[in-house]
Amino acid sequence: QQCHGCGRLISKHLTNGGVRFEDGRLMCNLCRLTGIDSLHAAESLAKRVSNKMVNLGFALAQDSFPLSLIDQQKLALTGAHGERINGITQMAIETLNGKVLKREIAGILILHGLPPESFAATYAHELGHVWLFQENFPKLPPQIEEGICELFAHLWLVNNPGSWSDY
């Protein structure tokens, strides 16, 4: 079985075993050692990611967004589907008689327990959705939008070299 954090096979010899979260995810003990479980740690790392994206030229309307750490069942309830979904961005658009009154990021939801590198790449991906939303991009096909957001994750990883980004 594979680790939800790093994708390694979970075994006693390779990863010193692993753990199963209540939501069914499996994580190796190597990833579990550094898992992001506190909102304080998540917000601190999210701030670093936001600052890096701004420094790379992606202006964001604000420097932080409502952030929640959730389990896989709650993530599925948001409508997220597919394998290995680690996060979702919730957007809110208020209209009156067809006219947009207010557009905002309602929240970014990310799975709890992810290792910092995976959390940061996921947050960078979600900031891609934020940026597209704030720039009023037209509705894009899902593969195109997700591809653009994966470029945000890629930019984070190549600007933070290490074994995780090399992987």
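Residues numbered from 1 in each chain as written. Predicted model: local features only at pLDDT ≥ 70, side-chain atom pairs only at ≥ 80, totals over all residues. Heavy atoms only, no water.

## A look at the nonpolar core
Ranked by internal contacts, the top residues of the largest apolar core, which has 39 residues, are Phe65, Leu67, Ile108, Phe119, Tyr123 and Leu127. Sort the elements by how many residues they give to this core and helix 5 (residues 116–134) lands first, with nine residues. Each residue touching Phe119, except ones within four places of it in the same chain, is listed here: Ile36, Ala42, Leu45, Ala46, Leu67, Leu69, Ile110 and Leu114. (Core = buried A, V, L, I, M, F, W, Y, C linked by side-chain atoms within 4.5 Å. Buried < 20%, exposed > 50% of the residue type's maximum accessible area, 1.4 Å probe, protein only. Helix = DSSP H or I, 4+ residues; strand = E, 2+ residues; numbered from the N terminus. Contact = heavy atoms within 4.5 Å.)

## Concerning helix 5
Taking 1.5 Å per residue, 19 residues should reach 27 Å; helix 5 reaches 26 Å between its end C-alpha atoms and fits that length. The buried fraction of helix 5 amounts to 16 of the 19 residues, a majority that puts the element mostly inside the structure. The first or second residue beyond helix 5 is Asn136, which carries a positive phi of 55°. (Expected span 1.5 Å × (residues − 1).)

## Thoughts on the packing of helix 3 (residues 39–55) against helix 6 (residues 142–158)
Contact geometry of helix 3 with helix 6 gives a least axis separation of 11 Å together with a crossing angle of 100°. With respect to each other, helix 3 and helix 6 are oriented roughly perpendicular. Facing Arg48, Val49, Lys52 and Met53 of helix 3, the residues of helix 6 in contact are Phe152, Leu155 and Trp156. For the contact of helix 3 with helix 6, the residue count by class is five nonpolar, no polar and two charged. (Axes fitted to C-alpha atoms, helices over the stretch in contact; angles between N-to-C directions. Parallel < 35°, antiparallel > 145°, perpendicular 65-115°, else oblique. Nonpolar A, V, L, I, M, F, W, Y, C, P; charged D, E, K, R; others polar.)

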